[in-house]
Amino acid sequence: MTLDAELIKRKGNQAFMSNDFNAALQLCTHALKLDPDNGIYLLNRAFSYLKLARWADAEQGATDALLSANLSDAQKAKAFLRRGKARKQQGGPSLHLAREDFRSYLALSKEQKTPEELEAETDVGVSGGTFLTDQMASLSTTPARPFVVQGKGLAGDGAFATRPLQRGDLILEEKPLFQLGDTPTNSQLQRAVEALSPSELCQVLSLHNVKGTVGGMKGIFSEIYFTNVFAAAGLCILASKFNHACSPNARASFHDESGRHRIYALTDIAAGEEIVIPYIQGRNVYGSTRAQRRTRLRFSHGFECMCKTCSLSEEDVKKSDARRSTLKVLYEQLPLLHPSYHGEQIISLIIQAITLLREEGYLADADDFAADAAHVCSSVSDVESARYWARLAYESRQDEFGADSAHTIRMKGIMEDPMNKKHHFQAGMFRTQVLSGRL
Ligand SMILES: C[S@@+](CC[C@H](N)C(=O)[O-])C[C@H]1O[C@@H](n2cnc3c(N)ncnc32)[C@H](O)[C@@H]1O
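Treat the numbers as computed from the prediction; the structure is a model and nothing was measured. (Residues numbered from 1 in each chain as written. Predicted model: local features only at pLDDT ≥ 70, side-chain atom pairs only at ≥ 80, totals over all residues. Heavy atoms only, no water.)

### Observations regarding the sheet that holds strand 1 (residues 147-150)
The line we're drawing: Here, any two strands with at least 2 DSSP bridges between them count as paired. Under the DSSP-based scheme used, a helix requires at least four consecutive residues in state H or I and a strand at least two consecutive residues in state E, with every element numbered from the N terminus.
Strand order across the open sheet formed by 4 strands is 1-2-7-4, with mixed pairing between neighbours. In this open sheet, the two edge strands, each paired with only one partner strand, are strand 1 and strand 4 (243-244). As paired elements, strand 4 and strand 7 (residues 274-277) share 2 bridges and run parallel to each other. Looking at the pairing, His244 lines up with Ile277 of strand 7.

Right, dumping it as structure tokens:
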């Protein structure tokens, strides 16, 4: 018996009590994966099969329970009763076997009845459960999503566009199931899982699991959490179906104000194309060579990146690595330059960085470089140039985070009033210059 399996079993019982027999069955099956010989779990699974009118499975399930070594007499009695009911429903030659089971049940349970009385009264109380019907009802009220999850992604499931999308389109908005940050303890995770409904837990257990290959993970919940977690947003079921790419066509971000995780298109995306997002911070993607990205992703996420950029020919990888290495040098160099002495140089390096990003087909994060340029221009009182760069940053942020994101709104403020110290405390602080460089 493991703590995780017991928690899953308890949620299975909860599902059973609320007639959600599909969820109950899924949860018993998960608990059995963690503890395959547990007689109680086997017994519960047989009961779920019975409630779902899956007679042959229920018969086999009860037999499996009877074969497990650790059942008490009372539990064995239940197993005989369940198998008897499953056999009775199958009729024909199984009826005779059902009577044998009822006899065994009566012998163990000491109930004062004859097998015939028992056979006459056994009512399985079959129900289709509410799980599927609930899901179908919610599907019919959910507006059509611009993507579908299919098992033909880079690796396992992936999200595919169902219609043509444009840069700036909102692809997904999802409320996280729970948010525990980057380093939750096992007991925080257990508490968060405990608070889920049975059907939410079924969804969590259906997520991808790299099974202990990411350092320090213990137990199924932390394995699943660290395989799928988004740094700011925690665990999201649908967003977890998007695979990673080093030249992504979409990006995920957490929208604090609404408490929703969002995915926006970074490029135009054709219907049927896979939608891919970066799993690690932008600068670690656009500013790292393939070898560096692969090492990082192996360590942080436990997989070997097979995205399009990482699968280029060796010759093209060399070119891509060269661009990304230059980008790293640029973003490391920029903070070392002072606007008073190196204003023109800063703007020229920023132009070089954004051009490289575009050449590399990496269409996020140019806003950070453009925002830096806006700050430099406002610090030397070049209002027109500050407005130019702030507009660029603002328009990128609108596309990547939404017009209502705090990130975007802040940039709008700079664009409208570049010399306001509320937006940038160094506004007008340095020698006045005109920084005419443009993209
Ligand atoms: C959050 S899940 C994404 C959905 C997942 N493919 C599934 O089947 O549910 C993350 C897992 O997908 C796979 N994956 C995602 N992006 C990948 C990539 N670029 N290269 C290789 N595997 C990737 C890895 O196995 C990773 O652990």
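### Here we look at the pattern of salt bridges
It is possible for side chains bearing opposite charge to pair when their charged atoms get close. Applicable threshold: The salt bridge definition used is simple: a Lys or Arg side-chain nitrogen within 4 Å of an Asp or Glu carboxyl oxygen. The buried label goes to any residue with under 20% of its type's maximum accessible area, the exposed label to any with over 50%, and the partly exposed label to all in between, with areas taken from a 1.4 Å probe on protein chains only.
Under the counting rule described, the total for this entry stands at 28 salt bridges. One salt bridge connects Glu119 with Arg99, and the closest N-O pair in it is separated by 2.6 Å. Linking Glu119 in helix 7 (residues 115-121) with Arg99 in helix 6 (residues 94-109), this pair joins segments that are 20 residues apart in sequence. For Asp316, the salt bridge is made with Lys319, and the minimal N-O distance between the two is 3.8 Å. Of the two residues, Asp316 and Lys319 both sit in helix 14 (residues 314-333), 3 residues apart, roughly one turn of that helix. When its relative accessible area of 32% is taken as the criterion, Asp316 is described as partly exposed. What makes Lys319 partly exposed here is its relative accessible area of 44%. When salt bridges with common partners are traced through the structure, they connect Arg167, Arg251, Asp365, Asp399 and Glu400 into a single cluster.

### Some points on the site of the ligand
As a reminder, the rule being used: Here, proximity means that at least one heavy atom of the residue falls within 4 Å of the molecule or strand. Two N or O atoms form a polar contact when they lie within 3.5 Å of each other; inside protein one atom must be a possible hydrogen donor and the other a possible acceptor, and for residues adjacent in sequence the pair counts only when both atoms belong to side chains. Only the protein chains shown count as cover for residues, with accessible areas throughout obtained via the Shrake-Rupley method and a probe of 1.4 Å. Note that Gly is not counted as nonpolar here; it falls among the polar residues with everything else outside the nonpolar set of Ala, Val, Leu, Ile, Met, Phe, Trp, Tyr, Cys and Pro and the charged set of Asp, Glu, Lys and Arg.
Close to the ligand lie 19 residues, the nearest being Ala155, Asp157, Asn243, His244 and Met306. A distance of 2.8 Å separates a nitrogen atom of the ligand from a polar side-chain atom of Asn243. Residue Met306 places a main-chain N or O atom 2.9 Å away from a nitrogen atom belonging to the ligand. In the complex, 94% of the free accessible area of the ligand, which totals 570 Å², lies under the protein chains. Only helix 11 (219-228) and strand 4 provide two or more residues apiece to the shell around the ligand. Here the residues of the shell around the ligand are counted per class, giving 9 nonpolar, 7 polar and 3 charged.

### Thoughts on the UniProt feature "repeat: TPR" (unreviewed entry) in the protein chain
Keep this limit in mind: UniProt positions are given in the numbering used here, feature names are shortened, and annotations may be inferred rather than shown by experiment.
The UniProt record annotates "repeat: TPR" (unreviewed entry) at residues 5-38. Here residues 5-38 is 79% helix and 0% strand, with 10 Å between the C-alpha atoms at its ends.

### Examining the packing of aromatic side chains
Short version of the rule: Each aromatic pair joins two rings of Phe, Tyr and Trp (for Trp, the six-membered one) with centres within 6.5 Å, and gets the label stacked for planes under 30 degrees apart, edge-to-face for over 60, and tilted for any other angle. Should the NZ of a Lys or the CZ of an Arg lie within 6 Å of a ring centre and within 35 degrees of the ring normal, that charge is described as sitting over the ring.
According to the stated counting rule, one finds 10 aromatic pairs in the structure shown. Residues Tyr279 and Phe303 carry aromatic rings whose centres are separated by 5.9 Å and whose planes lie at 90° to one another, so their mutual orientation is edge-to-face. Residue Tyr279 is found in the loop between strand 7 and helix 12 (282-286), and its partner Phe303 is found in the loop between helix 13 (290-301) and helix 14; the two are separated by 24 residues along the sequence. For the ring pair Tyr286 and Tyr362, a centre distance of 5.4 Å and an interplane angle of 65° mean the geometry is edge-to-face. Of this pair, Tyr286 sits in helix 12 while Tyr362 sits in the loop between helix 15 (339-360) and helix 16 (366-379); the two residues are 76 residues apart in sequence, bridging distant segments of the chain. Neither Tyr286 nor Tyr362 differs from the other in exposure class; each is buried. Cluster of aromatic residues (ring-pair linked, three or more members): Tyr286, Tyr331, Tyr362 and Phe369. Its guanidinium or amino end placed over the ring of Phe47, Arg82 lies 3.8 Å from that ring's centre, counting from NZ or CZ. Over the ring of Tyr331 we find Arg283, and its NZ or CZ is 4.5 Å from the ring centre.

### Some remarks on the confidence of the model for the protein chain
So the rule is basically this: Residue-level confidence of the predictor is summarised by pLDDT, bounded by 0 at the bottom and 100 at the top. We call two residues in contact when some of their heavy atoms are within 4.5 Å.
Overall, the prediction assigns the protein chain a mean pLDDT of 92, with 95% of residues at 70 or greater. When the criterion is pLDDT under 50, residues 128-140 qualifies, and its contacts beyond four places in sequence or with other chains add up to 13 contacts. Prediction confidence for the complex, expressed as pTM and ipTM, is 0.90 and 1.00 respectively.

### Observations regarding the packing of helix 2 (residues 21-34) against helix 10 (residues 198-205)
Where we set the bar: Helix axes use the C-alpha atoms of the stretch in contact, all axes being lines fitted to C-alpha atoms, and the angles between their N-to-C directions lie in the range 0 to 180 degrees. Reported orientations rely on four angle classes, namely roughly parallel under 35 degrees, roughly antiparallel over 145, roughly perpendicular from 65 to 115, and oblique for the rest. Throughout, a crossing is termed right-handed when the near helix is turned clockwise from the far one, and left-handed when it is turned anticlockwise from it by less than a right angle.
Relative to each other, helix 2 and helix 10 sit at 45°, their axes nearing to 9 Å. Our classification of the angle between helix 2 and helix 10 gives oblique. Helix-helix and strand crossings are classified by hand; for helix 2 and helix 10 the assignment is left-handed. Between helix 2 and helix 10, the residues in contact are Ala23, Gln26, Leu27 and His30 and Pro198, Leu201, Cys202 and Leu205, respectively. In terms of residue class, the contact of helix 2 with helix 10 is built from 6 nonpolar, 2 polar and no charged.

### Side note on the sheet that holds strand 5 (residues 250-255)
Taken in spatial order, the 3 strands of this open sheet run 3-6-5, and their pairing is antiparallel. If you trace the sheet from one side to the other, it starts and ends with strand 3 (170-174) and strand 5, each paired once. Shown here is a sheet whose adjacent strand axes are inclined to one another by a mean of 20°, direction ignored. As paired elements, strand 5 and strand 6 (residues 260-265) share 6 bridges and run antiparallel to each other.

### Remarks on the pairing of strand 2 (residues 158-161)
Side chains Gly158 and Phe160 of strand 2 all project onto a buried face; the interleaved residues Ala159 and Ala161 project onto the opposite face, where all are buried too. Where strand 1 lies against strand 2, 4 bridges are found, and the strand directions are antiparallel. Paired with Phe147 across the bridge in strand 2 is Ala161.

### Quick word on the nonpolar core
The line we're drawing: Among the buried residues, those of types Ala, Val, Leu, Ile, Met, Phe, Trp, Tyr and Cys that are joined through side-chain atoms within 4.5 Å form a nonpolar core.
Ile8, Tyr105, Phe178, Val193, Leu201, Leu205 and Phe221 are the most contacted members of the largest nonpolar core, which has 50 residues in total. The contact partners of Leu205, leaving out residues within four places of it in the chain, are Ile8, Leu27, His30, Ile220, Phe221 and Ile224.

### A word on the environment of Arg283
Secondary-structure assignment places Arg283 in helix 12. Residue Arg283 is classed as partly exposed on the basis of its relative accessible area of 41%. Residues Arg283 and Ser340, spaced 57 residues apart in sequence, show a C-alpha to C-alpha distance of 26 Å. Those residues in contact with Arg283 that lie beyond four places of it in its chain are Ser288 and Tyr331.

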